Every structure is written in structure tokens, then in C-alpha cells.
Amino acid sequence: GPWRETNPHNFNGINYTSPDPKFAIANGIFTSVMTTPTFSLFQSPATLDFFQSYNLCPGSSVTIEISTDGGTTYPTVLQQVSGPATLGISGANSTMQNTVISLTNYIGQSNLKVRFRYVGTCATSAWTLDGIGFPGTATPVTSSWVGSDGTTYTGSPLTVSPTATTTYTLTA
């Protein structure tokens, strides 16, 4: 389904785990987007650090993009992988791999956002993410959701299961 927080368990025959142990996962036949809060980069080295694994069937893809206008547009692709492809998958087990993406070109800029876009074309495709961090910052995530009845739910973990493609925005 769309991006959600989960614990280690089996998704379509693969045991997904994380060092945390909670992590984010998008899987199945969906398009789902997760976006970071707006941030500024005024220090070096500037990197986006995280753990990930994926299992992508033909036609599925994972894309990491950056915005320099607060999320209005995402003109630059930082990483993109199209299926068939796997990372961290061995047999029926997934081990998240450390990933470091340089953000050196964005030092001195503010109003930045990073978007993680998953496009799944089969039930067995999945992308897991954990430990997303920026230089010099810790990024604790506390979820806050407003239900259709107007009730606000805050905390961690929360499970949200919409029946339609949804965009989630993480805010500080």
C-alpha cells in the first residue's frame, strides 16, 4: 500500500527488517509519495543519509527528487531505479543498505525538500526506508493525522490505510 510505518514482518514472501526496528514501506500496485519537511543547508559535508531496500518488478520504480522552491516543483532527480531490480534482497530476506546521496550542490540554499516517489506495478514490488537524516540534525518523526471526522491523531506509530493513492507530507 501507500507509505506507512511498520514493524519487521513478511510482505509478499520477503521478510523486511530494519536496524530501528520501525521503518517506512510502500508496496503493491500504488503510486505513493513521501516528502521531507522544508530544510536549509548551510554546512559541509552535505549529504542525505538513509537505509533502504527494494524489490521492483518490471515497470515499478523508486525515485528520490529534490525541490529548491519548497516543494512546488521537483526538477532534479537524485536517484532513480526502475524494475526489474533489487537492493538488499537475498532469498526471502531483506537487509536495508546504507545509502548516501551528496547534496553539496545545495549548500547555502533554503526552502529545500526531498521527495521519495514509489510507483508499483505489481503486488510484490516494495520499497523500504529508514533512518532518513540530514547533516548535523537528528530527524525524529512523530506522526500527526487528521481523520475525515476532524479528529487529530498524534504519535508514533500510527497506521493509516487509505483506499486511494495519497500524498503524505512530513512536517517539522
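Residues numbered from 1 in each chain as written. Predicted model: local features only at pLDDT ≥ 70, side-chain atom pairs only at ≥ 80, totals over all residues. Heavy atoms only, no water.

1. Here we look at the overall build of the protein chain
Working step 1: The number of helices and strands found in the protein chain is zero helices and 17 strands.
Working step 2: Across the 172 residues of the protein chain, 42% fall into the buried class.
Working step 3: Restricting the contact set of the protein chain to residue pairs at least 6 apart, pairs at least 24 apart contribute 73%.
Working step 4: About 8,400 Å² of surface is accessible on the protein chain, with carbon and sulfur atoms providing 52% of the total. (Helix = DSSP H or I, 4+ residues; strand = E, 2+ residues; numbered from the N terminus. Buried < 20%, exposed > 50% of the residue type's maximum accessible area, 1.4 Å probe, protein only. Contact = heavy atoms within 4.5 Å. Areas by Shrake-Rupley, 256 points an atom, 1.4 Å probe, with all protein chains shown as cover.)

2. Section: the sheet that holds strand 3 (residues 14-16)
Working step 1: Pairing in this open sheet of four strands is mixed, and the strands run 2-3-11-10 from one edge to the other. Whereas interior strands pair on both sides, the edge strands pair on one side only; in this sheet they are strand 2 (9-11) and strand 10 (89-90).
Working step 2: In this sheet, strand 3 lies alongside strand 2 in antiparallel orientation, the contact comprising three bridges. Opposite Asn 10, over in strand 3, you have Asn 15 as the bridge partner. (Pairing = 2+ DSSP bridges.)

3. Remarks on the confidence of the model for the protein chain
Working step 1: With 78% of its residues at a pLDDT of 70 or more, the protein chain shows a mean pLDDT of 82.
Working step 2: Within the model, pLDDT remains below 50 along residues 136-141, and this stretch shows five contacts once partners closer than five positions in the same chain are excluded. (pLDDT = per-residue confidence, 0-100.)

4. Remarks on the state of the cysteines
Working step 1: In this structure the tally under the stated criterion is one disulfide.
Working step 2: Shown here is the disulfide that connects Cys 57 with Cys 122, its sulfur atoms set 2.2 Å apart. Judged by the sign of its S-S torsion, about -135°, the bond between Cys 57 and Cys 122 is left-handed. Of this pair, Cys 57 sits in the loop between strand 6 (47-56) and strand 7 (61-67) while Cys 122 sits in the loop between strand 13 (113-119) and strand 14 (126-133), placing them 65 residues apart in sequence.
Working step 3: On the basis of relative accessibility, which here comes to 17%, the residue Cys 122 falls in the buried class. (Disulfide = S-S within 2.5 Å.)

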